[in-house]
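# An overview of the molecular structure
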Amino acid sequence: MPELKDQTYWLEKARTLPLEGRAFIDGAYVDAQSGATFTSYSPIDGAPLAAVAQCASADIDLAVAAARRSFEAGVWSAISAQARKAVLLKWAQLLETHTRELALLESLDSGKPIADTTGGDLPGTIYCLRWFAELIDKVHGEVPAIDPQFFGTVTHQPLGVVAAVVPWNYPLLMAAWKFAPALAAGNSVVLKPSEKTPLSALRIAALGLQAGLPAGVFSVVCGDGQAGRALSLHTDVDCIAFTGSGKVGREIAKNAASSNLKRVWLELGGKSANIVMADCPDIPQAARSAAAAIFANMGQVCSAGSRLLVQRSIADTLITELLQAAEHYQPGHPLDPASVTGAIIDSVQLDQVCRYIEIGEHEAQLLTGGRTLTLAGTGAYLQPTIFLAHDANARIANEEIFGPVLTVIVFDTLDEAIAIANQTEYGLAAAIWSSDISTVHNATRRLKAGTVWVNCYDELVDMNFPFGGFKASGNGRDNSAHALSKYTELKSTIQRCR
Ligand code: NAD
C-alpha cells in the first residue's frame, strides 16, 4: 500500500486528475454513437466530475459484436492458459502502479474514504485479478474410468461473451469479481459499471489494453438501467453476471429467459444477522466488530451486519459498548486520510435511508444518530444510526436499508435467534458469537446464509472463500475456484478406441 499522504495532497491531485468519460469499445475510447452524455457527480461535494458516454442499444451492439469477434478469432479464448495468465498479471501490476490515481478516482466518484480505496478497494481488486490469473493454468479436466473400448474426457470451455453489470458500492472490486474469473477462463467481457461510478472501470480498460488484452476482449459500456437491460436482452451474450438489487436481478433473469436463455448469475441484497450469545468470548470485541459490520463503507455493503441479535442477559452491556464503538464511524471528508467513513452515494440513496430512519422512529427506539451532516458544502453525510427494535417483525429489522443503520433485537434462546435470523427473504451472511462449540455448530448448520462468521465479522478477505447468497440473495458464487465454473461450459468428449 502506498504512503497515505495528507488531504492537501489528495485535493491537489484531484484538481489535475485526468478523467475519461468515453466508453471503451473494441480497444478504443469512443463517444456514444448518438453523442449523448450524462454527468458523473462526486458525492463528496456534489461537483460534476465528467461527461460520460450514454450508451444505448447501438453501442451495446458494437461492444458485443467486438467481444464475439475476438472470442471467435481465438485471440484470447484459444491462447494458452499461461499466456492469458501473463497478460492478467501484467494488468494487475499496472493497476498496482496506478493505485493512487485509481483510488482517488474511486473516492471522487463514490464518496468512499481515501484510506478505504487505497487500503481496501484497490488491493482487493489487484488481489482478485492476480488470484484468478494464478489459478487458470492449474485447472484440470477429468478422465473418467470407463469401458476400455472408449476414452473420454470432461473439459471446461469458455462460454463466449460474458456481460457483467455491477453496482456502485465497490465499483472496481465488484467488477473484478466478475471480469477476473470470466477473462481468466477465456471469455470476452462487456462490463457495465453503475452510472453512479463509471470512471474507474473506464480507466482500467486502457491499462488492460496496455497489458496486452486484445481489442474487443474487454469493453466498458456506460449508462443506466437501459444499457444493462440491452445487455440482458442481447441474443449474442452468452452469460450475464450481475451484482445489485433484487428488483433488477429479477428483471435480468426474466430478460435472459425471454431472449436466448443466457446463463444468469445474481449477487443480490442482504439483511445479515450478527448473533451474540451470552457466552460471547469478548463482548467489547463483539461490539467493535458489530459497529464495523454495519458502519464501514457507510453501511453500503451487501453483507453488512445490519441486524444485531443479542441475548437478553448481556444486552445492556453490549449496547453500551456498541454506542461507544459507533462514535468511531462519524463521517469525515473522504479525501482526509483520517476519515473512517465518507459520503452516501447520492441524494436518491440518502433519501431512501432517511425514509427508513423515519419509519424506525415510529416502530423502534432510536439509540443514537439519525441525522444528516453537512461536510464539504453538502449534506450527503449521515451519522451512524442505531435502533433498538422491540418487535423482530419491524420493517427496519427485515428490509435492506443499505446505509449506516443498525437494528438491535434482543432474544432469549438460540432457537429464537436462528428463527429471527432466517426469517427475512435474504440469506447472504450471518455471524455467531459464542464460547460453546455445540452452540457454534448448531448455529452455523442452521443459519441460511452463504457465509457464516464465528466470533468475528467480515474480517478475513481471502479469495479462497466463495461469496454469495441463499434464497433471494442470489445464485452462484463469486470468488474461489467455484466462481470459475460459472464462466465455463463442461464438455464431455467420448471416443471409441477400437
Ligand atoms: P441496482 O440494482 O440499482 O443497479 C446495479 C446495476 O444494474 C447498475 O449498473 C445499474 O445501472 C444496472 N441496472 C439498473 N436497472 C437495470 C435493468 N433493468 N437491467 C439491467 N441492469 C440494470 O443496484 P445498486 O443500487 O447499484 O446497488 C445496491 C444493491 O446491490 C443492493 O441491493 C446491494 O445489496 C446489492 N449488492 C450485492 C452484492 C453481493 O455481492 N451480493 C454486492 C454489492 C451490492
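A word on the overall build of the chain. Along its length, the chain carries 15 helices and 21 strands. Relative to its length of 498 residues, the chain is compact, with a C-alpha radius of gyration of 23 Å against a globular reference of 23 Å. Here the C-alpha coordinates of the chain stretch approximately 75 × 65 × 45 Å along the principal axes. For the chain, buried positions account for 56% of its 498 residues. Pairs at least 24 residues apart make up 75% of the contacts formed inside the chain by residues separated by at least 6 positions. Accessible area of the chain: about 19,300 Å², with a carbon and sulfur share of 53%. Between the averaged position of the 39 positive side-chain charges in the chain and that of its 50 negative side-chain charges there is a distance of 7 Å.

Further remarks concern the nonpolar core. As a rule of thumb, soluble globular proteins bury nonpolar side chains together. Counting residues in each nonpolar core, the largest one holds 105 residues, and the members touching the most others are Trp-91, Phe-132, Phe-179, Leu-183 and Phe-218. For this core, the element with the most residues is helix H6 (residues 171–184), which contributes eleven residues. Counting residues domain by domain, this core receives three or more from each of domain 1 (7–268 + 474–492) and domain 2 (273–463). Those residues in contact with Phe-132, other than ones at most four positions away along the chain, are Ala-180, Pro-181, Ala-184, Met-463, Asn-479, Ser-480, Ala-483 and Leu-484. Met-298, Leu-382, Val-405 and Leu-447 belong to the second largest nonpolar core, which has 32 residues in total.

With that out of the way, let us pick up the site of the ligand. Around the ligand, the structure places 29 residues, and the nearest of them are Val-166, Glu-195, Ser-245, Leu-268 and Glu-400. Take Val-166: an N or O atom from its main chain is 2.8 Å from an oxygen atom of the ligand. Ser-245 places a side-chain nitrogen or oxygen 2.6 Å from an oxygen atom of the ligand. For the ligand, the accessible surface in isolation is 840 Å², of which the surrounding protein chains cover 90%. Of all the secondary structure elements, the ones that give two or more residues to the shell around the ligand are helix H8 (225–233), strand E9 (239–243) and helix H9 (246–258). Looking at the shell around the ligand, its residues break down into 14 nonpolar, eight polar and seven charged. Summarising the domain contributions, the shell around the ligand has at least three residues from each of domain 1 (7–268 + 474–492) and domain 2 (273–463).

Below, the discussion takes up helix H7 (residues 199–211). In this model, H7 (13 residues) spans 19 Å end to end at C-alpha, consistent with the 18 Å of a helix rising 1.5 Å per residue. The set of residues buried in H7 consists of Leu-199, Ser-200, Ala-201, Leu-202, Ile-204, Ala-205, Leu-207, Gly-208 and Ala-211. Looking one or two residues past H7, Gly-212 carries a phi angle of roughly 120°, positive in sign.

A positive phi angle, close to 60°, is found at Phe-402, a residue other than glycine. With respect to the helices and strands, the residue Phe-402 is situated in the loop between strand E16 (385–389) and strand E17 (405–411). The exposure class of Phe-402 is buried, given its relative accessible area of 16%. At Asn-455, a position not held by glycine, the phi torsion is positive, near 55°. For Asn-455, the location among the structural elements is in the loop between strand E19 (451–454) and strand E20 (474–475).

Bringing the environment of Leu-266 into the picture now. In this structure, Leu-266 sits in strand E10 (residues 263–267). Aside from chain neighbours lying at most four places away, what touches Leu-266 is Phe-242, Gly-249, Ile-252, Ala-253, Ser-473, Gly-474 and Asn-475.

What follows covers the domain arrangement of the chain. Considered domain by domain, the chain is made up of domain 1 (7–268 + 474–492) and domain 2 (273–463). The C-alpha centroid of domain 2 is placed 30 Å from the C-alpha centroid of domain 1. Counting from both sides, the interface comprises 33 residues of domain 1 and, opposite them, 31 residues of domain 2. The contact between domain 1 and domain 2 buries some 2,500 Å² in all, and 62% of this surface belongs to carbon and sulfur atoms. Of all residues in domain 1, the largest losses of buried area upon contact with domain 2 belong to Gln-7, Ile-44 and Trp-168, amounting jointly to 24% of the total for that side.

Right, let's talk about the pattern of salt bridges for a bit. What the rule picks out here adds up to 24 salt bridges. Residues Glu-101 and Arg-203 are paired through a salt bridge, measuring 2.5 Å at the closest nitrogen-oxygen approach. Within this pair, whereas Glu-101 is found in helix H4 (residues 99–110), its partner Arg-203 is found in helix H7, the two being separated by 102 residues in sequence. Owing to a relative accessible area of 12%, Glu-101 belongs among the buried residues under this scheme.

Further remarks concern the sheet that holds E16. Taking strand neighbours across the sheet as the criterion, the seven strands line up as E13-E16-E17-E12-E11-E18-E19 in an open arrangement whose pairing is mixed. Of all the strands in the sheet, the pair left with one neighbour each is strand E13 (365–368) and E19. The mean inter-strand angle of the sheet, taken between neighbouring strand axes irrespective of direction, is 20°. As paired strands, E13 and E16 are joined by three bridges and run antiparallel to one another. What sits directly across from Leu-366, in E16, is Phe-387.

Here we come to the pairing of strand E12 (residues 307–311). Of all five residues in E12, five are buried, a share of seventy percent or more. Here E12 shows a buried face lined by Arg-307, Leu-309 and Gln-311 and a second buried face lined by Leu-308 and Val-310. Here four bridges tie strand E11 (residues 273–276) to E12, and the two strands are oriented parallel to one another. Paired with Val-276 across the two strands is Val-310, which belongs to E12. The β-α-β motif built from E11, the intervening helix H10 (residues 283–295) and the parallel element E12 has right-handed crossover chirality.

Bringing the packing of H10 against helix H11 (residues 315–326) into the picture now. At their nearest, the axes of H10 and H11 sit 8 Å apart, and the two run at 50° to each other. Our classification of the angle between H10 and H11 gives oblique. Of the two possible hands of crossing, H10 and H11 adopt the one that is right-handed. Contacts from Ile-283, Pro-284, Ala-286, Ala-287, Arg-288, Ala-290, Ala-291 and Phe-295 of H10 reach H11 at Thr-317, Leu-318, Glu-321, Leu-322, Ala-325 and Ala-326. Looking at the contact of H10 with H11 residue by residue, the classes come out as eleven nonpolar, one polar and two charged.

What counts as what
- Residues numbered from 1 in each chain as written.
- Predicted model: local features only at pLDDT ≥ 70, side-chain atom pairs only at ≥ 80, totals over all residues.
- Heavy atoms only, no water.
- Helix = DSSP H or I, 4+ residues; strand = E, 2+ residues; numbered from the N terminus.
- Rg over C-alpha atoms; globule rule 2.2 N^0.38 Å.
- Buried < 20%, exposed > 50% of the residue type's maximum accessible area, 1.4 Å probe, protein only.
- Contact = heavy atoms within 4.5 Å.
- Areas by Shrake-Rupley, 256 points an atom, 1.4 Å probe, with all protein chains shown as cover.
- Lys, Arg positive; Asp, Glu negative; His and termini not counted.
- Charge placed at Lys NZ, Arg CZ, Asp CG, Glu CD.
- Core = buried A, V, L, I, M, F, W, Y, C linked by side-chain atoms within 4.5 Å.
- Domains from an automatic or database assignment.
- Near = heavy atom within 4 Å.
- Polar contact = N/O pair within 3.5 Å; in protein donor to acceptor, adjacent residues only side chain to side chain.
- Nonpolar A, V, L, I, M, F, W, Y, C, P; charged D, E, K, R; others polar.
- Expected span 1.5 Å × (residues − 1).
- Buried area = accessible area lost by both parts, 1.4 Å probe.
- Salt bridge = Lys/Arg side-chain N within 4 Å of Asp/Glu carboxyl O.
- Pairing = 2+ DSSP bridges.
- Axes fitted to C-alpha atoms, helices over the stretch in contact; angles between N-to-C directions.
- Right-handed = clockwise from strand over helix to strand, strands pointing away.
- Parallel < 35°, antiparallel > 145°, perpendicular 65-115°, else oblique.
- Left-handed = near helix turned anticlockwise from the far one by under 90°.

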